[in-house]
Amino acid sequence: MVKPNVIVVMLDSLQFNYLGCYGNKWIKTPNLDRLAREGVLFENNYIEGLPTVPARRTMLTGRYHLHDKGWSALELDDTTIADLCWGRPIDSALVFDCPNFRLPKFGYTRGFDKVWFLHGHEGDHEYYAEDPLIHCDPLDYIEEHVLESADRIMGEKVVGPSLHELTTYLKHRQYWKTEEDQDVPKIMKMAVEYLENVDRNKQFFLWVDSFDPHEPWDPPSVHDPDMKCPYDPDYKGKDMFLPIPGHVAGVYTEPELNHIRMLYAEKVTMCDRWVGYLMDRVKALGLEDSTLFMLVSDHGEPLGNGEHGHGLMRKVRPWPYEELAHAPMIIRGPGLPAGKRITSFTQSCDVAPTVTDWLGIGVHPEMQGQSLLPLAKGEVDKLRDFAIAGYHRYSASIITDDWSFVHWTRSAERTVSESAAGIYGVGLLKTSGYLPNLKEGLVGSMNEAAKHLREAATLDGEDQWTCTPGSVAEVPANDQLFDRKADPFQLNNIAAKDPGRASDLYAQLREFMAELRTS
């Protein structure tokens, strides 16, 4: 009897629209496109709680957490996939380089039988901080005018940490010579080594968590002086592969923003190559006939103006727009249809029940997500009528077939406590006592928000919502309604034109969040 196994591959910060199988006509992602042809692609997959840590919590537990938990530790009451494998003839393994997956006291590696971690990425860059920087110069990777503008607009509290991050990262990568020196090849090779040595008489569950294509976006062309970025070969400026985060207006030119996006695209193509290496080894080892192969991401990435990022570079605001909340999800396994595309909504909380269902454990009664297997096989038409996404305590959105609605829990029209109580069922939030003034549609000016609300992105757990330097808990002044068919990237807020629909969607979102609090 063939024993069912599972491999989950997480590619951090992978935008759905930077994959050929999701409609991109110019990027090269042949291996993930092959995975989609061989399996089932979910077109409308949304990350319930953003970003990195909340997304993984939801995936591992199969529970919604937007309503009650943000960037916080795994609790004893949380039941993860690895917990459910314990005590069964299932070997569980984690291969990863995502530093936020191993934050001290957070406990996300709990329950795995085997764990391998690779040092060096964001949040773990201090591992190299005391090494001498001999062969690289940070100023070779940032334009002088960008540095001057960012310092003038955002100040030293943003520029200083960004330069430190860049410098320590260069200490890590200064000796890299080939593509195989990069992190994603090392992660995929670790995964293959595990598969080559796993006990084939037992089942296994392998979670492969690659921080790439998360920034820094330093693909092969950045390291090879004789190589041009294949997606922007005529660019003459510096490769700003770890751009200073924040609002891009007045800091970057459009050609610079485009080049940053093309470096990201090249990194996506590199990740595709190494996922392909893993897929090929799975086939060569004879594991395809027993293994569910699942490709997921925790979020996308803001990369500039308009549809690219609503004027932001990197995850510096708790804004759950399409470029961040909409993420790829593909599954392939024996008995599942090939080349099937499903438009009905899926969520990050569906990962755990799908994995445990395939392994034969079943869906744990505490899981609120649902197994994707019946949907993939055509046994049901849909799992839900809508999806939700947001940042705990800052934003919550609802996405339907025709509309998306974003509720900002720090809206200028409501007090923080009133707004949060409407969605999260709490009466108080930790704030600085700052009463915001409207300026250019935002709660406070950039400098005021940076001064008074920066505390909301602390490192003490509950109030943290991102690890990106210079992040500010600043949100638009009013709730927003968007037409998904006419405006898929949410650029034209029509809430004022259609207040009734906005009100109905808010009521639907509020009712759903209330139900989550009681389940």
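Look a little higher up for the structure.
Right, let's walk through the structure included here. In this text, all values refer to a predicted model and were calculated from it rather than measured experimentally. (Residues numbered from 1 in each chain as written. Predicted model: local features only at pLDDT ≥ 70, side-chain atom pairs only at ≥ 80, totals over all residues. Heavy atoms only, no water.)

**Things to note about the pairing of strand 5 (residues 203–210)**
Working note: regular strand, side chains alternate between the two faces of the sheet.
Link 1 in the chain: The element strand 5 is extensively covered by neighbouring structure, given that eight of its eight residues are classed as buried.
Link 2 in the chain: Side chains Gln203, Phe205, Trp207 and Asp209 project from strand 5 onto one buried face, and the interleaved Phe204, Leu206, Val208 and Ser210 project onto a second face that is buried too.
Link 3 in the chain: With seven bridges joining them, strand 3 (residues 90–96) and strand 5 adopt parallel strand pairing. Across the sheet, residue isoleucine 90 finds its bridge partner in strand 5, namely glutamine 203. (Buried < 20%, exposed > 50% of the residue type's maximum accessible area, 1.4 Å probe, protein only. Helix = DSSP H or I, 4+ residues; strand = E, 2+ residues; numbered from the N terminus. Pairing = 2+ DSSP bridges.)

**Brief notes about the packing of helix 1 (residues 30–38) against helix 8 (residues 254–284)**
Link 1 in the chain: Remark: helix 1 packs on helix 8, axes separated minimally by 7 Å, with the N-to-C direction vectors making an angle of 50 degrees. When the interaxial angle is binned, helix 1 and helix 8 end up oblique. Counted together, Pro30, Asn31, Leu32, Arg34, Leu35 and Glu38 of helix 1 and Asp272, Arg273, Val275, Gly276, Met279 and Asp280 of helix 8 form the full contact between these two elements. (Axes fitted to C-alpha atoms, helices over the stretch in contact; angles between N-to-C directions. Parallel < 35°, antiparallel > 145°, perpendicular 65-115°, else oblique. Contact = heavy atoms within 4.5 Å.)

**A closer look at the nonpolar core**
Link 1 in the chain: Of all hydrophobic cores here, the largest spans 74 residues; its most connected members are Val9, Leu195 and Leu206.
Link 2 in the chain: With 14 residues, helix 8 is the single largest residue contributor to this core.
Link 3 in the chain: If we skip the residues at most four places from it in the chain, leucine 206 touches Val6, Ile7, Val8, Ala93, Val95, Ala191, Tyr194 and Leu195.
Link 4 in the chain: The next biggest cluster of nonpolar side chains, apart from the first, holds 59 residues, and it includes Trp71, Cys98, Val351 and Leu359. (Core = buried A, V, L, I, M, F, W, Y, C linked by side-chain atoms within 4.5 Å.)

**So, unusual backbone geometry**
Link 1 in the chain: Omega for the bond connecting aspartate 212 with proline 213 falls within 30 degrees of zero, at 10 degrees, which places this linkage in the cis form.
Link 2 in the chain: In this chain, glutamate 215 is followed by proline 216 through a cis amide linkage whose omega measures 10 degrees.
Link 3 in the chain: Mapped onto the fold, proline 216 is located in the loop between strand 5 and helix 7 (220–223).
Link 4 in the chain: The residue arginine 393 is not glycine, and still its phi comes out positive at about 75 degrees.
Link 5 in the chain: Not every positive phi belongs to a glycine, and glutamine 490 is a case in point at roughly 60 degrees.

**Digging into helix 8**
Link 1 in the chain: The end-to-end C-alpha separation of helix 8 is 45 Å, in line with the 45 Å expected for 31 residues at 1.5 Å each.
Link 2 in the chain: Of all 31 residues that make up helix 8, 22 are buried, and the element is covered over most of its length.
Link 3 in the chain: Backbone geometry just downstream of helix 8 places glycine 286 in the positive-phi region, at approximately 75 degrees. (Expected span 1.5 Å × (residues − 1).)

**A word on the sheet that holds strand 1 (residues 5–11)**
Link 1 in the chain: What the eight strands build is an open sheet, ordered 4-3-5-1-7-10-2-11; its pairing is mixed. Of all the strands in the sheet, the pair left with one neighbour each is strand 4 (114–117) and strand 11 (340–347). Between one strand axis and the next, the sheet turns through 15 degrees on average, direction left out of account.
Link 2 in the chain: Alignment of strand 2 (residues 40–46) against strand 11, held across six bridges, turns out to be parallel. Counted as the bridge partner of valine 40 is lysine 340 from strand 11.
Link 3 in the chain: The strands that helix 2 (residues 52–61) touches are strand 1, strand 5 and strand 7 (291–296); relative to strand 5, the one it contacts most, it runs at about 170 degrees.
Link 4 in the chain: Relative to the sheet, helix 8 contacts strand 1, strand 7 and strand 10 (329–332), its axis offset from that of strand 1 by approximately 170 degrees.

**Overview of the side chain of glutamate 48**
Link 1 in the chain: The topology assignment puts glutamate 48 in the loop between strand 2 and helix 2.
Link 2 in the chain: An unpaired buried charge is present at glutamate 48: no salt bridge exists, and arginine 57, the closest side chain of opposite charge, is 8.7 Å distant.
Link 3 in the chain: Side-chain polar atoms of glutamate 48 contact the side chain of threonine 58, separated by 2.9 Å.
Link 4 in the chain: At a separation of 2.6 Å, a polar atom in the side chain of glutamate 48 contacts the main-chain amide nitrogen of histidine 65.
Link 5 in the chain: If we skip the residues at most four places from it in the chain, glutamate 48 touches Thr58, Tyr64, His65, Leu66, Gln347, Ser348, Ile388, Ala389 and Gly390. (Lys, Arg positive; Asp, Glu negative; His and termini not counted. Salt bridge = Lys/Arg side-chain N within 4 Å of Asp/Glu carboxyl O. Polar contact = N/O pair within 3.5 Å; in protein donor to acceptor, adjacent residues only side chain to side chain.)

**Describing a negative patch on the surface**
Link 1 in the chain: Side chains of Glu144, Glu148, Asp151 and Glu156 sit close together on the surface and give a patch of like negative charge.
Link 2 in the chain: The greatest single-element share of the negative patch, amounting to three residues, is contributed by helix 4 (residues 144–153).
Link 3 in the chain: Taking the relative accessible area as the measure of exposure, glutamate 156 reaches 54% and is therefore exposed. (Patch = residues over 30% accessible without salt bridge, like charges linked within 9 Å, V, L, I, M, F, W, Y side chains within 5 Å. Areas by Shrake-Rupley, 256 points an atom, 1.4 Å probe, with all protein chains shown as cover. Charge placed at Lys NZ, Arg CZ, Asp CG, Glu CD.)

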